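The lines below spell out each chain.
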Amino acid sequence: MAPWVRLGAGAALVLALAGVGWAVFRGDGRHVAIDPGDPALLALGREIYARECASCHGRDLEGQANWRVRRPDGRLPAPPHDATGHTWHHPDQQLFAMTRDGIAPFAPPGYRTDMPAYAGRLTDHEIRAVLAYIKSRWPEEIQARQAEITRRSRDSSGK
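Residues numbered from 1 in each chain as written. Predicted model: local features only at pLDDT ≥ 70, side-chain atom pairs only at ≥ 80, totals over all residues. Heavy atoms only, no water.

J.: Describe the packing of helix α2 (residues 39-52) against helix α5 (residues 124-136), naming the residues involved and giving the relevant values.
T.: One can describe the packing of α2 onto α5 by two numbers: an axis separation of 7 Å at closest approach and a directional angle of 95°. It follows that α2 is roughly perpendicular to α5 by the angle criterion. Residue-level inspection shows Leu41, Leu42, Leu44, Gly45, Arg46, Ile48 and Tyr49 of α2 in contact with α5, the latter providing His125, Glu126, Arg128, Ala129, Val130, Ala132, Tyr133, Ile134 and Ser136. Among the residues making up the contact of α2 with α5, the classes are represented as 10 nonpolar, three polar and three charged. (Axes fitted to C-alpha atoms, helices over the stretch in contact; angles between N-to-C directions. Helix = DSSP H or I, 4+ residues; strand = E, 2+ residues; numbered from the N terminus. Parallel < 35°, antiparallel > 145°, perpendicular 65-115°, else oblique. Contact = heavy atoms within 4.5 Å. Nonpolar A, V, L, I, M, F, W, Y, C, P; charged D, E, K, R; others polar.)

Here you go:
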């Protein structure tokens, strides 16, 4: 596949992820709160991350090598969840929904991914714990920027 085609497909995915789901809520319409300052939540999140996420996203949240380059099967390697990745560019509600429901609802038709949906595998509380653990590993500046993204998302949704 030509590099410009790969670049275009990657750009389409980024635009889809950025434009969809900015106001994703829990099933009952309430916003999802993910607190990286809750020690009990972080302990649970660290354990679940090690068991469920580290094999793909890395023990230290570093992701897989060449995570922006499609493999021969057309799928992208797992991205990092540390400050070098794009995870922090999404509001809490979207991170929660992507983890619970998988990437398909946020991606262009036909997009293939190895990321499973965790609904039925993890509880909502466990998903929030994993995300709190991931957020706790970001530098304070990145945490503040992501918190602002989440705040703006809430403000624009009107809920």
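J.: Would you mind going over the nonpolar core in detail, with residue names and values included?
T.: Grouped together as the largest cluster of nonpolar side chains are 23 residues, with contacts concentrated most on Tyr49, Ile127, Val130, Leu131 and Ile134. Of all the secondary-structure elements, those providing two or more residues to this core are α2, α4 (92-101) and α5. Among the elements that make up this core, the one with the highest residue count is α5 (seven residues). The contact partners of Ile127, leaving out residues within four places of it in the chain, are Phe96, Thr99, Arg100, Tyr118 and Leu122. Counting residues in hydrophobic clusters, the runner-up holds five residues, among them Met98, Ile103, Phe106 and Ala107. (Core = buried A, V, L, I, M, F, W, Y, C linked by side-chain atoms within 4.5 Å. Buried < 20%, exposed > 50% of the residue type's maximum accessible area, 1.4 Å probe, protein only.)

J.: Got a sec to walk through unusual backbone geometry? Specific residues and values, please.
T.: With phi around 70°, Leu61 is a residue other than glycine that occupies positive phi space. If you trace the backbone, Leu61 turns up in the loop between α3 (54-57) and α4. The exposure class assigned to Leu61 is buried, which follows from its relative accessible area of 1%. A positive phi angle, close to 50°, is found at Asn66, a residue other than glycine. Its place among the elements puts Asn66 in the loop between α3 and α4.

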